[in-house]
Amino acid sequence: MPIRVTLDELIVRKGIKARDLAAQVGLSETQLSLFRSGKVKGIRFRTLARLCAALGCRPRDLLDYDFDAADLEPADRAED
């Protein structure tokens, strides 16, 4: 998938412990770990907003996108 989660880089730069961030945002450590590793298919806007508030950042600081021309093709309805 061309969307990459860059939360780990931000956590390191800010010197925050993932455990503390999870508690502040209201996520379990497991949920935060899954998001950090990119193993989730989506994230609620509310959760994204809480992460941004806790880290003093914007969504673009947590996610990155590498262009893939295949993203312009019609999606297979079975994937939805």
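Before going into details, it helps to say that this report is about the structure given with it. (Residues numbered from 1 in each chain as written. Predicted model: local features only at pLDDT ≥ 70, side-chain atom pairs only at ≥ 80, totals over all residues. Heavy atoms only, no water.)

Within the element layout of this structure, Thr 47 appears in helix H4 (residues 45–55). Taking relative accessible area as the criterion, Thr 47 reaches 16% and is therefore assigned buried. Apart from the residues lying within four places of it in its own chain, the contact partners of Thr 47 are Val 25 and Leu 27. (Helix = DSSP H or I, 4+ residues; strand = E, 2+ residues; numbered from the N terminus. Buried < 20%, exposed > 50% of the residue type's maximum accessible area, 1.4 Å probe, protein only. Contact = heavy atoms within 4.5 Å.)

This next bit is on the side chain of Thr 6. Within the element layout of this structure, Thr 6 appears in the loop between strand E1 (3–5) and helix H1 (7–14). Apart from residues no more than four positions distant in its own chain, Thr 6 is found in contact with Asp 61, Leu 62, Leu 63 and Asp 64.

Let's shift gears to the packing of H1 against helix H3 (residues 29–36). With their axes 8 Å apart at the nearest point, H1 and H3 run at an angle of 110 degrees to one another. Taken together, the axes of H1 and H3 are roughly perpendicular relative to one another. Between H1 and H3, the contacting residues are Leu 7, Asp 8 and Ile 11 on the first element and Leu 32, Phe 35 and Arg 36 on the second. For the contact of H1 with H3, the per-class residue count stands at four nonpolar, no polar and two charged. (Axes fitted to C-alpha atoms, helices over the stretch in contact; angles between N-to-C directions. Parallel < 35°, antiparallel > 145°, perpendicular 65-115°, else oblique. Nonpolar A, V, L, I, M, F, W, Y, C, P; charged D, E, K, R; others polar.)

Oppositely charged side chains can form a pair if their charged atoms are brought close together. Tallied over the entire structure, the rule returns four salt bridges. A salt bridge links Arg 4 to Asp 64, with the nearest nitrogen and oxygen atoms 2.5 Å apart. Taken together, the residues Arg 4 in strand E1 and Asp 64 in strand E2 (residues 63–65) connect sequence positions 60 residues apart. With a relative accessible area of 36%, Arg 4 lands in the partly exposed category. Overall, the relative accessible area of 34% leaves Asp 64 in the partly exposed class. (Salt bridge = Lys/Arg side-chain N within 4 Å of Asp/Glu carboxyl O.)

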